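Below are the chains, spelled out letter by letter.
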Amino acid sequence: MKKISLVLCLLVTQFILAQHKGNYNQNTQISRQNVLSSAYGNARVHGPQTTNPARNVHPNSAITIDVHALFNAKASSYTAIFNVAQIGPSADAASTLMNERITNIKKELLTIGIKETDIAIDVISFIPVYEIEVTKKLFSTKYNEVPKGFELQQNIHIQFKNTQQFEKILAACASNEIYNLVKVDYFIENIKQVYKKLQDELIKLIQEKKEYYKLLGFDLTDYNVVMADDKYCYFPKDFYKSYQAFNSISFEALKKNKGVTKAKKQTSYYYQPISYENYDIVMNPAILEPVVQVGMQIKLVYSPKPKEQKQQPKTEIKTEHKYYVISPDGKIDVKELNTKN
């Protein structure tokens, strides 16, 4: 009994700890569309790679100023894309049935505030559909592909500005048997202004860091500098993750030593934006709905200027040149040679 009680306590403790951790798996990502893929687009890995928050610093003669800024921008407009497929016994029949569905959905969208100019149709394909026809003869049976109709595929592009309209758009599409949501695109009209705000904030931060190093005794005017900058923009479709509900445990089945048939757990998805951990500046940090995350980085590396070496004064050694004149009578006369002229 003591062993059973200990095992039950351990199981209950593990269950409680797992529930505090949460039900999601941080290693899974998915784009906001109906096609699941293992490719995560341009999504980068963010967050700490170690459990130790302290980081080692290594003194260096070069001074590096590396600043990062992030702007959470709410989209000014959205575009939802739905795929519609229609088959018919003939090309005219398929086209007529498709036009009826498109006309009906346009009428419903107009009633919820979507303008006709905000709806666009993109024809994807119009191809014949084949079926297998069995031809039986006396001594043989043949299977032939023969055209039996046509399939028309179109994409409906619907632009809207309020996220509250999206549920009504889904309902309007569902009432016309349109269920295939391809994706939702986010757009920002004033992206140039967003980059300008990030740039201004980073320049202010760089000036503050220069003053900080000056207080420490480092005058950056005595350094040579090189720089690099970068800007980027991430959309919500790149930052959806998935998780499954925690597996249930049957204590009754453990007591009776009987097998348990597990039910398939539903996969859920949630929006996980870029972490703020590696950013010096975050503008509009509170997020209520998925946003477009615009980032900028400026990196400056200051290296000490080489010290000028003082030249040693040159010493000139003056040498006097003399020559000897010997007369015929053997008398020697010493003369100096003047080389200045």
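Owing to the predicted nature of the structure, the values given are computational and were not obtained by experimental measurement. (Residues numbered from 1 in each chain as written. Predicted model: local features only at pLDDT ≥ 70, side-chain atom pairs only at ≥ 80, totals over all residues. Heavy atoms only, no water.)

Concerning the overall build of the chain
Along the chain, the regular secondary structure elements total 5 helices and 13 strands. Put simply, 78% of the contacts in the chain that link residues at least 6 apart link residues at least 24 apart. When the accessible surface of the chain is totalled, it reaches about 25,700 Å², and 53% of it is carbon and sulfur. (Helix = DSSP H or I, 4+ residues; strand = E, 2+ residues; numbered from the N terminus. Contact = heavy atoms within 4.5 Å. Areas by Shrake-Rupley, 256 points an atom, 1.4 Å probe, with all protein chains shown as cover.)

Topic: the sheet that holds strand β2 (residues 63–73)
Sheets are built from strands that pair by backbone hydrogen bonding, the pairs being arranged parallel or antiparallel. On the basis of which strands lie adjacent, the open sheet formed by 4 strands has the order β7-β11-β2-β10 and mixed pairing. Among the strands making up the open sheet, the edge pair consists of β7 (223–234) and β10 (281–283). Taken pair by pair, the neighbouring strands of this sheet meet at an average axis angle of 10°, ignoring direction. Two elements, β7 and strand β11 (residues 292–304), share 12 bridges in a ladder whose sense is antiparallel. (Pairing = 2+ DSSP bridges. Axes fitted to C-alpha atoms, helices over the stretch in contact; angles between N-to-C directions.)

Quick notes on the packing of aromatic side chains
According to the stated counting rule, one finds 9 aromatic pairs in the structure shown. With 5.6 Å between their ring centres and 50° between their planes, tyrosine 232 and tyrosine 234 make a pair best called tilted. Tyrosine 232 sits in the buried class, given a relative accessible area of 12%. The exposure class assigned to tyrosine 234 is buried, which follows from its relative accessible area of 4%. When the ring of tyrosine 234 is compared with that of phenylalanine 239, the centres are 5.5 Å apart and the planes differ by 85°; the resulting orientation is edge-to-face. Each residue in the set Tyr78, Phe160, Phe166 and Tyr186 is aromatic and connected to the rest through ring pairs, giving one cluster. Sitting over the face of the ring of tyrosine 195, lysine 231 holds its NZ or CZ atom 4.7 Å from the ring centroid. (Phe/Tyr/Trp six-rings, centres within 6.5 Å; stacked < 30°, edge-to-face > 60°. Buried < 20%, exposed > 50% of the residue type's maximum accessible area, 1.4 Å probe, protein only. Lys NZ or Arg CZ within 6 Å of the ring centre and 35° of its normal.)

A closer look at the confidence of the model for the chain
Mean pLDDT for the chain: 78, with 68% of residues reaching 70 or above. The model gives residues 6–24 a pLDDT under 50, and that stretch makes 11 contacts with residues more than four places away or in other chains. Taken as a whole, residues 26–47 scores under 50 in pLDDT and shows 43 contacts with residues more than four places along the chain or in a different chain. (pLDDT = per-residue confidence, 0-100.)

Considering the packing of helix α2 (residues 91–111) against helix α3 (residues 164–175)
Across the interface, α2 lies against α3 with an axial gap of 9 Å and an inter-helix angle of 155°. Comparing the axis directions of α2 and α3 gives the class roughly antiparallel. In the crossing of α2 with α3, the sense of the turn from one axis to the other is right-handed. Counted together, Ile105, Glu108 and Leu109 of α2 and Ile169, Ala172, Cys173 and Ser175 of α3 form the full contact between these two elements. Of the residues in the contact of α2 with α3, the class split is 5 nonpolar, 1 polar and 1 charged. (Parallel < 35°, antiparallel > 145°, perpendicular 65-115°, else oblique. Left-handed = near helix turned anticlockwise from the far one by under 90°. Nonpolar A, V, L, I, M, F, W, Y, C, P; charged D, E, K, R; others polar.)

Re α2
Taking 1.5 Å of rise per residue, the 21 residues of α2 would be expected to cover 30 Å, and the 31 Å separating its terminal C-alpha atoms lies within 8% of that figure. All of the buried residues in α2 are Ala94, Met98, Arg101, Ile102, Ile105 and Leu109. One side of α2 holds all its buried residues, which, seen down the axis, span an arc of 100°. In α2, the exposed positions angled more than 90 degrees off the buried face are occupied by Asp92, Lys107 and Thr111. (Expected span 1.5 Å × (residues − 1). Arc of directions from axis to C-beta.)

What about the side chain of glutamine 86?
With respect to the helices, strands and loops of the structure, glutamine 86 is situated in strand β3 (residues 77–88). Using a relative accessible area of 13% as the deciding quantity, one classes glutamine 86 as buried. A distance of 3.0 Å separates a polar atom in the side chain of glutamine 86 from a polar atom in the side chain of arginine 101. With sequence-adjacent residues up to four places away left out, glutamine 86 is seen in contact with Ala94, Leu97, Met98, Arg101, Phe150, Glu151 and Leu152. (Polar contact = N/O pair within 3.5 Å; in protein donor to acceptor, adjacent residues only side chain to side chain.)

A look at the pattern of salt bridges
Under the definition given, this model contains 3 salt bridges. Taking the shortest distance from any N to any O, the salt bridge between lysine 183 and aspartate 185 comes out at 3.6 Å. Residue aspartate 185 is classed as buried on the basis of its relative accessible area, which comes to 18%. (Salt bridge = Lys/Arg side-chain N within 4 Å of Asp/Glu carboxyl O.)

Here's the deal with the pairing of β11
Inspection of the sheet shows β2 paired to β11 by 11 bridges, in the antiparallel sense. Following the sheet pairing, alanine 73 is matched in β11 by valine 292.

Some points on unusual backbone geometry
Of note in this structure, glutamate 177 is not a glycine but carries a positive phi near 60°. With relative accessibility at 56%, the residue glutamate 177 sits in the exposed group. Its identity as a non-glycine residue notwithstanding, asparagine 284 has a phi of 60°, on the positive side. Classification of asparagine 284 as partly exposed rests on a relative accessible area of 41%.

Looking at the side chain of asparagine 72
For asparagine 72, the location among the structural elements is in strand β2. Separated by 2.8 Å, the side chains of asparagine 72 and tyrosine 276 make a polar contact.

What to know about a nonpolar patch on the surface
A surface patch of nonpolar side chains, amounting to about 310 Å² of accessible area, comprises Tyr212, Leu216 and Phe218. Tracing the chain through its elements places leucine 216 in the loop between α4 (191–215) and β7. A residue is classified by how much of its surface remains accessible, and leucine 216, at 49% relative accessible area, is partly exposed. (Patch = residues over 30% accessible without salt bridge, like charges linked within 9 Å, V, L, I, M, F, W, Y side chains within 5 Å.)

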